[in-house]
Amino acid sequence: MSKICEYEKLREQNIKEKQAMLDSIMAEFQDLRKEVNRSFPAKTRTRTPTRTYDEKDPTFHPGFYERRRNPPRTAAKRLSAVPTTNIVTRSRKSTSVASSPQSSPENSPSKLFVRFSFRKSLNMVNYSDEDISLEVYDDEEALPKVKPRVTERPNRPVAERQIIAAEDITEQDLARVADYVSEKQYDCNNGTTCHQCRQKTKDMKTICRSETCVGVRGQFCGPCLRNRYGEEVRSALKDPLWVCPACREICNCSFCRKKAGHAATGILTHLARERGFDNVKDFLEYVEK
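Residues numbered from 1 in each chain as written. Predicted model: local features only at pLDDT ≥ 70, side-chain atom pairs only at ≥ 80, totals over all residues. Heavy atoms only, no water.

Within an unreviewed UniProt entry, the label attached to the protein reads Cell division cycle-associated 7-like protein, and the organism entered is Limulus polyphemus.

Right, dumping it as structure tokens:
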């Protein structure tokens, strides 16, 4: 018991010493804090008073400080400034002035049609009575017909379609046919456009033998004709009776499908091959059944 009592006494003595040390440290910290606050007082945030304007001040302008708004409509003011001498009523048989004493409520029509006319070079500040005219018609059919403005466009020259006979196709023409997309060389000046992909390249494309085919509608490059329709360009060039898919009404490009009332297919080559078809045309025929 004596040992336990001595241990307890030593423990209580250590606790008192540590508490005294902690109290002295906190007292020093509080003194340091007060000294810092006296040396560097905190800045109080003051609110800027609202600016007031004196109407007696010669530089005061009330419209300058008002909230910005849209300009008011001046159509009513312009119509109120139109002189009554130019207001004319017209009918099929007679023409009379509205301010004439002969006009009465009994003779006035039940429905009036008004048309305004202003000169293009009219200045609304300084205008005369002759610049503005207001005509009132008592019959809708009596209104003069206004022709719609038609913009004249210059007629673009249409390039003639060159039809090369099948016997005139040479080996050099067949060698220019592109089997893959990587073999196509783009040329915006001297190239020809494919109807399917609409890319202007140098490679040889098909030639439609139909007499009703126009423009570049019968031109298909090698990859497009094989992937979209399952045909070869070399065989089409050697066939004197070959007709393009557009003339056969089986074209599945975005333009032709839109004309037929269908949506564009997008890139369906990979999906068609996954389903077991070697071209998009057969795949679409299978889906649309």
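A description of the overall build of the protein should follow, citing residues and the corresponding values.
In terms of regular secondary structure, the protein is built from nine helices and six strands. Taking all 289 residues of the protein together, the buried fraction comes to 22%. Summarising the internal contacts of the protein: among those between residues at least 6 apart in sequence, 59% fall at separations of at least 24. Just so you have it, the protein exposes about 24,300 Å², and 52% of that area is on carbon and sulfur atoms. (Helix = DSSP H or I, 4+ residues; strand = E, 2+ residues; numbered from the N terminus. Buried < 20%, exposed > 50% of the residue type's maximum accessible area, 1.4 Å probe, protein only. Contact = heavy atoms within 4.5 Å. Areas by Shrake-Rupley, 256 points an atom, 1.4 Å probe, with all protein chains shown as cover.)

Help me get a handle on the environment of Asp282, residues and values and all.
Inspection of the secondary structure assignment puts Asp282 in helix α9 (residues 280-287). Owing to a relative accessible area of 26%, Asp282 belongs among the partly exposed residues under this scheme. Sequence-wise, Asp282 and Gly230 are 52 residues apart; in three dimensions their C-alpha atoms are separated by 8.4 Å.

Could you give an account of unusual backbone geometry, naming the residues involved and the relevant values?
Phi at Arg198 is positive, roughly 55°, even though this residue is not glycine. Within the secondary structure, Arg198 is located in the loop between β5 (192-193) and β6 (200-201). For Glu249, which is not glycine, the phi dihedral falls at a positive 60°. Structurally, Glu249 is set in the loop between α6 (233-238) and α7 (254-259).

Give a description of the pattern of salt bridges that names residues and reports values.
Applying the stated criterion to the full structure yields eight salt bridges. Arg234 is paired through a salt bridge with Asp179; the nearest N and O atoms lie 2.9 Å apart. Of this pair, Arg234 sits in helix α6 while Asp179 is found in the loop between α4 (171-175) and β5, placing the two residues 55 residues apart along the sequence. Looking at Arg234, the relative accessible area reads 33%, which means it is partly exposed. Lys205 serves as the salt-bridge partner of Asp203, at 3.6 Å between the closest nitrogen and oxygen. Summarising the burial analysis for this pair, Asp203 and Lys205 share the class buried. By sharing partners, the salt bridges in this structure join Lys281, Asp282 and Glu285 into a single network. (Salt bridge = Lys/Arg side-chain N within 4 Å of Asp/Glu carboxyl O.)

Now, about the packing of aromatic side chains: what can you tell me, with residues and values included?
Aromatic ring pairs are reported here in terms of the distance separating the ring centres and the angle at which the planes meet. One pass over the full model with this rule turns up three aromatic pairs. Aromatic rings pair up to connect Phe277, Phe283 and Tyr286 into one cluster. The residue whose ring lies beneath Arg198 is Phe255, and the NZ or CZ to ring-centre distance is 4.0 Å. Note that Arg226 overlies the ring of Tyr180, its terminal NZ or CZ placed 5.9 Å from the centroid. (Phe/Tyr/Trp six-rings, centres within 6.5 Å; stacked < 30°, edge-to-face > 60°. Lys NZ or Arg CZ within 6 Å of the ring centre and 35° of its normal.)

So what's going on with the nonpolar core? Residues and values would help.
One finds Leu237, Cys244 and Cys251 to be the most contacted residues of the largest nonpolar core, which totals 19 residues. Counting residues per element, the ones that place at least two in this core are α5 (222-229) and α6. With three residues, α6 is the largest single contributor of residues to this core. Setting aside chain neighbours within four positions, we find Leu237 in contact with Ala166, Ile169, Leu174, Val177, Met204, Lys205, Thr206, Ile207 and Arg209. Within the second largest apolar cluster, five residues are counted, among which are Ala272, Val280, Phe283 and Leu284. (Core = buried A, V, L, I, M, F, W, Y, C linked by side-chain atoms within 4.5 Å.)

Give a description of the side chain of Thr269 that names residues and reports values.
Relative to the helices and strands, Thr269 is located in helix α8 (residues 269-274). Apart from residues no more than four positions distant in its own chain, Thr269 is found in contact with Asn227 and Val280.

I'd like a rundown of the environment of Gly230, residues and numbers included.
Here Gly230 lies in the loop between α5 and α6. Taking the relative accessible area as the measure of exposure, Gly230 reaches 42% and is therefore partly exposed. Look past the residues within four positions of Gly230 in its chain and what remains in contact with it is Leu225 and Asn279.

Quick rundown of α9? Include the residues and the values.
All of the buried residues in α9 are Val280, Lys281, Phe283 and Leu284. All buried residues of α9 project into a common sector of 165° when viewed along the axis, lining one side. On its buried face, α9 is in contact with α5, α7 and α8. Regarding α9, its N-cap is Asn279, as a side-chain oxygen of that residue lies 3.2 Å from the backbone nitrogen of Lys281 further along. (Arc of directions from axis to C-beta. Polar contact = N/O pair within 3.5 Å; in protein donor to acceptor, adjacent residues only side chain to side chain.)

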